[in-house]
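A closer look at the structure
Spelled out from the first residue to the last, the chains are:
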Amino acid sequence: MSSERELEQLENAFQQARDQWMRLDEKKRMLQERLEAAEAELVHMEDTVDTYEKARVLLQQSAEYAREQAKQQMETLVTNALQYVFGPLVSFEIELEEHGNRAVADMYVISDYEGIRVKTKPQDARGGGVVDIVTLALRVALMETTQPRQAGPLLLDEPGKHVSGEYTHYLYEFLKSLATMFGRQIIMITHNHHLAESGDKAFSVSIRDGLSQIEDISKP
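We now turn to the structure provided with this report.

The rules we used
- Residues numbered from 1 in each chain as written.
- Predicted model: local features only at pLDDT ≥ 70, side-chain atom pairs only at ≥ 80, totals over all residues.
- Heavy atoms only, no water.
- Helix = DSSP H or I, 4+ residues; strand = E, 2+ residues; numbered from the N terminus.
- Buried < 20%, exposed > 50% of the residue type's maximum accessible area, 1.4 Å probe, protein only.
- Polar contact = N/O pair within 3.5 Å; in protein donor to acceptor, adjacent residues only side chain to side chain.
- Contact = heavy atoms within 4.5 Å.
- Core = buried A, V, L, I, M, F, W, Y, C linked by side-chain atoms within 4.5 Å.
- Expected span 1.5 Å × (residues − 1).
- Arc of directions from axis to C-beta.

1. Some words on the side chain of Glu 144
Within the secondary structure, Glu 144 is located in helix α3 (residues 128-145). Given the relative accessible area of 17%, Glu 144 is considered buried. Among the polar contacts listed, one links the side chain of Glu 144 to the side chain of Arg 184, at a separation of 2.6 Å. Every residue in contact with Glu 144, bar those within four places of it in the chain, is listed here: Arg 149, Phe 182 and Arg 184.

As structure tokens, this is what we get:
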């Protein structure tokens, strides 16, 4: 009887240890997923900050006339992008101030709420979707205004990642208009099926048994 009790105690202890291990393993998995998501978001934000800084540097280093031309082109393109996606009551402005011998550029999204003009930083306006559109349009503006003009396709990784589903249709229509307007091919990586299906050519990549499988999902 003593041996049976000891065996039962060992089995109970083993089961408790196994349950605890499973709980800890699940907690580890969840923390790992959160870490990966945070790292991906950090890369996205660093990329956004880099785009803003490049735009500021371009404006700061340009001569006065060229600076005003670049400013107007950026404002027009980003405003068109915002209005294409979010409607006519939103626009983009760049304010230039002279500090010593250099110009400092501040960027704002202007929203019209029933006749009231509200000016905010892009990151504070209507959530992440606005930041995505502003960043995308600024990248295009940089490619088109930098001299000499940069040739080649526009490479996009998860464009409009934070744009909500109700605006996705307008986003891909805007991307199509960009390709036509500037004569650039757009190569895009996205998990958004609506954006993928909007391309002239689209491929789905999946992993099966450790190997990448590529399927042509282009519309006929």
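That covers the picture; the talk isn't over yet.
2. Comments concerning the environment of Glu 6
Position of Glu 6 among the secondary structure elements: in helix α1 (residues 2-61). According to the relative accessible area criterion, Glu 6 is partly exposed, its value standing at 45%. Separated by 70 residues in sequence, Glu 6 and Thr 76 place their C-alpha atoms 80 Å apart.

3. Notes on the nonpolar core
Soluble, globular proteins show a tendency: their nonpolar side chains are buried together. Grouped together as the largest cluster of nonpolar side chains are 37 residues, with contacts concentrated most on Met 74, Leu 82, Phe 92, Ile 133, Val 134 and Leu 138. Contributing elements (two or more residues each) for this core: α1, α2 (64-86), β1 (90-99), β2 (102-113), α3, β4 (154-157) and α4 (168-182). Excluding anything up to four places from it in sequence, Ile 133 contacts Ala 81, Leu 82, Val 85, Phe 86, Val 163 and Leu 171.

4. Section: α4
Given a rise of 1.5 Å per residue, 15 residues ought to cover 21 Å, and the 21 Å separating the end C-alpha atoms of α4 matches this to within 8%. Buried residues of α4: Thr 168, Leu 171, Tyr 172, Phe 174, Leu 175 and Leu 178, and no others. Buried residues along α4 cover an arc of 155° about the axis, so they all sit on one side. Facing away from the buried side of α4 by over 90 degrees, the exposed positions are Thr 180 and Met 181. Of the residues trailing α4, Gly 183 is marked for its positive phi of about 65°.

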